[in-house]
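Residues per chain, in single letters:
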Amino acid sequence: MILACFKPDEQKKKKDKIRKKGSDEELAQPSPPGYETGGVTNLFGTTGGTTFFDDHTKDYGKENIQMKTKMLEARFHEEKLKLQQRHDVAVQKILDRKNTEIEELKANYRAKAKELEDTITKLERKIQSVVRDSQNVRETKDKQIAELRKMVEDTTEKRKVILRES
């Protein structure tokens, strides 16, 4: 509440005017302590009664409070927007960093997968080569075994012939 501050001389003049306007009956009755001209005395010694100036300042006070409230709300919303923007920037940085890490992991994964495919292809070629070599060895072994059998048979027949002849 905004209180009007008057000089002591002005207050006296005001009180005198009010007393002169009042009827004799009103003036004859004693006023309660702290009660002057229809208003209660506050801490500053001024009456609590309302005047045009008080009403006017109350309206300005209300408007002033409303204006200050609106200003504070605007500042609050501005600060909130700034904080939201900072937060969004921070989150975007984190997202960018994480996306970069994911892309690096994907590239690493693709490189390893390609490397594994190359290794698998090389191993399959080696297996095919070893299979061919083993088939060749088997064929040559079979040929050698067949030749040795023939030789053994030939030798046994020759021995039989020699034994018969002897």
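Residues numbered from 1 in each chain as written. Predicted model: local features only at pLDDT ≥ 70, side-chain atom pairs only at ≥ 80, totals over all residues. Heavy atoms only, no water.

- Looking at an unreviewed UniProt entry, one finds the protein chain named CEP112 and attributed to Mytilus edulis.

Quick word on the overall build of the protein chain
Here is step 1: The helix and strand tally for the protein chain stands at 3 helices and 2 strands.
Here is step 2: Starting at the N terminus, the α and β elements of the protein chain follow one another as α-α-β-β-α.
Here is step 3: For the protein chain, the proportion of its 166 residues judged to be buried stands at 4%.
Here is step 4: Approximately 15,800 Å² of the protein chain is accessible, and the part contributed by carbon and sulfur atoms is 57%. (Helix = DSSP H or I, 4+ residues; strand = E, 2+ residues; numbered from the N terminus. Buried < 20%, exposed > 50% of the residue type's maximum accessible area, 1.4 Å probe, protein only. Areas by Shrake-Rupley, 256 points an atom, 1.4 Å probe, with all protein chains shown as cover.)

Details of the confidence of the model for the protein chain
Here is step 1: For the protein chain, per-residue confidence averages 79 on the pLDDT scale, and residues scoring 70 or more make up 64% of the total.
Here is step 2: Overall, residues 21–27 carries pLDDT values under 50, and its contacts beyond four positions in sequence, including any with other chains, amount to 2 contacts.
Here is step 3: With pLDDT under 50 throughout, residues 34–40 is counted as low confidence; its partners more than four residues away or in other chains account for 16 contacts. (pLDDT = per-residue confidence, 0-100. Contact = heavy atoms within 4.5 Å.)

Description of the pattern of salt bridges
Here is step 1: Inspection of the entire model under this criterion finds 3 salt bridges.
Here is step 2: Of the charged contacts in the structure, one is a salt bridge between E101 and R97, with a shortest N-O distance of 3.9 Å. Of this pair, E101 and R97 both sit in helix α3 (residues 52–165), 4 residues apart, roughly one helical turn.
Here is step 3: With its nearest N and O atoms 3.6 Å apart, the salt bridge here joins K98 to E101. (Salt bridge = Lys/Arg side-chain N within 4 Å of Asp/Glu carboxyl O.)

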